[in-house]
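# Summary of the model geometry
So the chains spell out like this:
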Amino acid sequence: MKKRHPLTFYILCSCQFWWALSFYSLWAILPVFLGDELGIDQKTSFATFGAFAALGAAMLFVGGWLADKILGAKRTLVWGFAFQGIGYFIIAYSAITAQPHFVFVGLGTVAVGRGIGSVAPPTIIASAYEKNDPRLDGAYTLFYMVNNIGAFIAQLGAPIMAYSIGWTSAFILSGIGMAVNVITYFLLNKKITDATEADKRAIPFKTNSLFLCGALIAVATASYLLTNLPFAQLALAIAALVILFLITKEMKKEQPTSRKRMIVGLVLMGQALAFFVLYNQMPTSLNFFAINNVEAEIFGIAINPVSYQSFNPLWVIFLSPVLAHIYTTLGEKGKDLSMPGKFALGMLICASAFACAGFSQYFGDENGMLNPFWIAAPHFLFAIGELLISALGLSAIAKLFPSRIRGFIYGAWNMTLALASVAGAWVAGLSSSGDVEMTPVESLASYGNYFYMLAIASAVVGVICVYLAPRLNKLIETDVDEDIEHKDAQTAS
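A brief report on the enclosed structure follows. A quick note: this is a predicted structure, and the numbers were derived from the prediction, not measured.

Criteria and thresholds
Residues numbered from 1 in each chain as written. Predicted model: local features only at pLDDT ≥ 70, side-chain atom pairs only at ≥ 80, totals over all residues. Heavy atoms only, no water. Disulfide = S-S within 2.5 Å. Buried < 20%, exposed > 50% of the residue type's maximum accessible area, 1.4 Å probe, protein only. Helix = DSSP H or I, 4+ residues; strand = E, 2+ residues; numbered from the N terminus. Expected span 1.5 Å × (residues − 1). Axes fitted to C-alpha atoms, helices over the stretch in contact; angles between N-to-C directions. Parallel < 35°, antiparallel > 145°, perpendicular 65-115°, else oblique. Left-handed = near helix turned anticlockwise from the far one by under 90°. Contact = heavy atoms within 4.5 Å. Patch = residues over 30% accessible without salt bridge, like charges linked within 9 Å, V, L, I, M, F, W, Y side chains within 5 Å. Areas by Shrake-Rupley, 256 points an atom, 1.4 Å probe, with all protein chains shown as cover. Salt bridge = Lys/Arg side-chain N within 4 Å of Asp/Glu carboxyl O. Phe/Tyr/Trp six-rings, centres within 6.5 Å; stacked < 30°, edge-to-face > 60°. Nonpolar A, V, L, I, M, F, W, Y, C, P; charged D, E, K, R; others polar. Core = buried A, V, L, I, M, F, W, Y, C linked by side-chain atoms within 4.5 Å.

What the rule picks out here adds up to 0 disulfides. No disulfide involves Cys 350; its nearest neighbouring cysteine sulfur is the one of Cys 465, lying 11 Å away. Its relative accessible area of 1% is what places Cys 350 among the buried residues.

Right under this line is the structure:
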């Protein structure tokens with residue numbers, strides 16, 4: 001039984017660390033930056049943040065197509081790093097010169113870079129393992145842990161840098177992280193597994209030129225959409241419908257057994273969409289809850305409340321190896337919880353996270369302030385749900401959809417992130433008091449009731465997932481039985 005992972009896995013983990021350090025530095029401070037520096041109201045800053053996250057996720061569909069058919073996964077990986085690095089430096093320039101329009105140009109460039117390159121890592125990792133390799137679930141979980149190490153450092157450090165040194169310093173750090181990845185790629189490119197047929201062939205100059213022109217047009221379009229949010233939301237809705245149509249078209253090409261797997265995959269995408277709407281409360285409503293109602297110190301040590309976001313990746317770091325070991329051990333014994341079962345459990349734990357946050361309103365002091373436990377506990381529960389749904393979502397895609405469209409499907413999976421970012425920003429806007437000033441005591445009660453509503457909604461979705469889990473399992477098990485019967489028939493003939 002092979003335990004050590006392929007070299008490609010370790011190279012991609014290194015790149016993912018720097019990617020997470022860069023992206024989550026921006027993620028941690030963007031909503032606050034939009035409000036404090038640009039004077040944007042809370043609802044609009046949430047909506048802008050959601051649109052930025054959504055555009056990057058939505059364009060992963062295009063990145064998957066480029067990886068599968070045009071450039072190859074390895075080339076899209078390095079182009080994605082390059083565009084994101086340029087975008088971060090543009091945002092840093094905007095902070096230096098106090099020219100707000102450059103912020104949206106930079107955000108548009110980062111979103112396009114994310115769309116181009118972020119499908120590549122899971123595609124390349126999946127290709128480095130043989131089919132049905134039991135190490136794959138553990139690999140994705142450990143890969144997710146590395147991502148969260150970078151996210152933890154970023155979400156803890158970026159707010160501190162932004163407030164003590166200046167916003168520019170945090171954005172420059174993000175740009176440096178992407179520069180490190182570009183250098184790493186060119187040094188170790190030949191040691192990374194070719195993931196698609198396009199990786200194995202040379203790309204004509206004309207193709208590269210067309211790609212660059214298209215990418216620059218995409219940057220201009222994304223920058224415009226970020227300043228015109230209704231158009232951005234309409235574009236995302238249309239893109240989602242197109243992707244759903246293309247998936248159903250691909251399903252018709254498959255044999256019945258493969259088609260059933262794809263149906264299960266689509267249902268799990270729907271469940272993940274609900275989870276990601278809730279997940280997007282962490283940098284928005286849950287973050288501002290911490291800013292307004294959680295004491296700014298832990299064990300007597302002062303801390304910027306914005307940095308409380310780092311609790312989530314911190315818990316993921318601790319829990320990832322534990323769950324990876326559990327998956328591997330139970331998998332070897334044939335007792336691992338099914339993928340639909342893990343998704344259902346994750347949603348129920350997500351409901352308990354919001355219930356915990358809502359319950360906190362009864363433990364505020366006379367000034368409406370809470371002990372940091374009441375922000376650490378929900379993040380702990382969120383981390384478990386995240387590992388059961390978000391981290392293993394990539395593994396589910398690798399198992400349930402045919403490899404010939406893997407890059408495209410990873411892009412489709414990330415379209416759920418896009419839709420959830422927009423919907424999550426809208427939901428987070430419900431927690432805003434608008435122009436009405438609230439005392440901490442009043443905001444604590446307001447946030448508590450808001451989180452209770454989310455807990456109830458999460459529980460309802462979780463119960464539906466529990467109901468569907470055995471039925472989805474039956475589809476998968478029928479698949480296996482039919483595959484065995486088909487192989488037996490071929491052997492007999």
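Right, let's get into helix α1 (residues 7-36). Taking 1.5 Å of rise per residue, 30 residues should cover 44 Å, and α1 covers 44 Å from first to last C-alpha, within 8% of that figure. Of all the 30 residues making up α1, 23 are buried; the element is thus mostly covered by neighbouring parts of the structure.

Moving on, we get to the packing of α1 against helix α6 (residues 120-127). Their axes nearest at 9 Å, the elements α1 and α6 cross at an angle of 165 degrees. It follows that α1 is roughly antiparallel to α6 by the angle criterion. Along this stretch, α1 crosses α6, giving a crossing that reads as left-handed. Along the contact surface, α1 presents Thr 8, Phe 9, Leu 12 and Gln 16, while α6 presents Pro 121, Ile 124 and Ile 125.

Together, Phe 89, Ile 172 and Ile 176 make up a nonpolar patch on the protein surface, roughly 240 Å² of accessible area in all. Turning to its location among the elements, Phe 89 is positioned in helix α4 (residues 73-97). Judged by relative accessible area, Phe 89 falls into the partly exposed class, the value being 39%.

One pass over the full model with this rule turns up 34 aromatic pairs. Measuring from centroid to centroid gives 6.3 Å for Phe 359 and Trp 374, while their planes differ by 65 degrees, and the two rings are edge-to-face. Placement of Phe 359 in helix α14 (residues 339-359) and of Trp 374 in helix α15 (residues 373-400) is noted, with a sequence separation of 15 residues between them. Using a relative accessible area of 11% as the deciding quantity, one classes Trp 374 as buried. Linked through ring pairs, Trp 19, Phe 23, Tyr 24, Trp 27, Phe 49 and Phe 52 together constitute an aromatic cluster.

Here the focus is the packing of α4 against α6. Helix packing for two helices is described by the angle between their axes and how far apart those axes are. Remark: α4 packs on α6, axes separated minimally by 9 Å, with the N-to-C direction vectors making an angle of 150 degrees. Helix-helix and strand crossings are classified by hand; for α4 and α6 the assignment is left-handed. Residues Ala 73, Lys 74, Thr 76 and Leu 77 of α4 form the contact with α6, whose own contacting residues are Ala 120, Pro 121, Thr 123 and Ile 124. When grouped by side-chain class, the residues that make up the contact of α4 with α6 number 5 nonpolar, 2 polar and 1 charged.

Moving on to the side chain of Ser 285. Structurally, the position occupied by Ser 285 is in helix α12 (residues 285-293). Ser 285 sits in the buried class, given a relative accessible area of 0%. Ser 285 has contacts with Phe 46, Ala 428, Ser 431, Tyr 447, Tyr 450 and Phe 451, leaving out every residue within four places of it along the chain.

Among the nonpolar cores identified, the biggest contains 157 residues, and Phe 52, Phe 289 and Phe 451 are the most heavily contacted of them. Counting residues per element, this core draws most heavily on α1, which supplies 18 residues. Excluding residues that lie within four positions of it along the chain, Phe 52 makes contacts with Phe 23, Leu 26, Leu 30, Leu 107, Val 110, Ala 111 and Leu 226.

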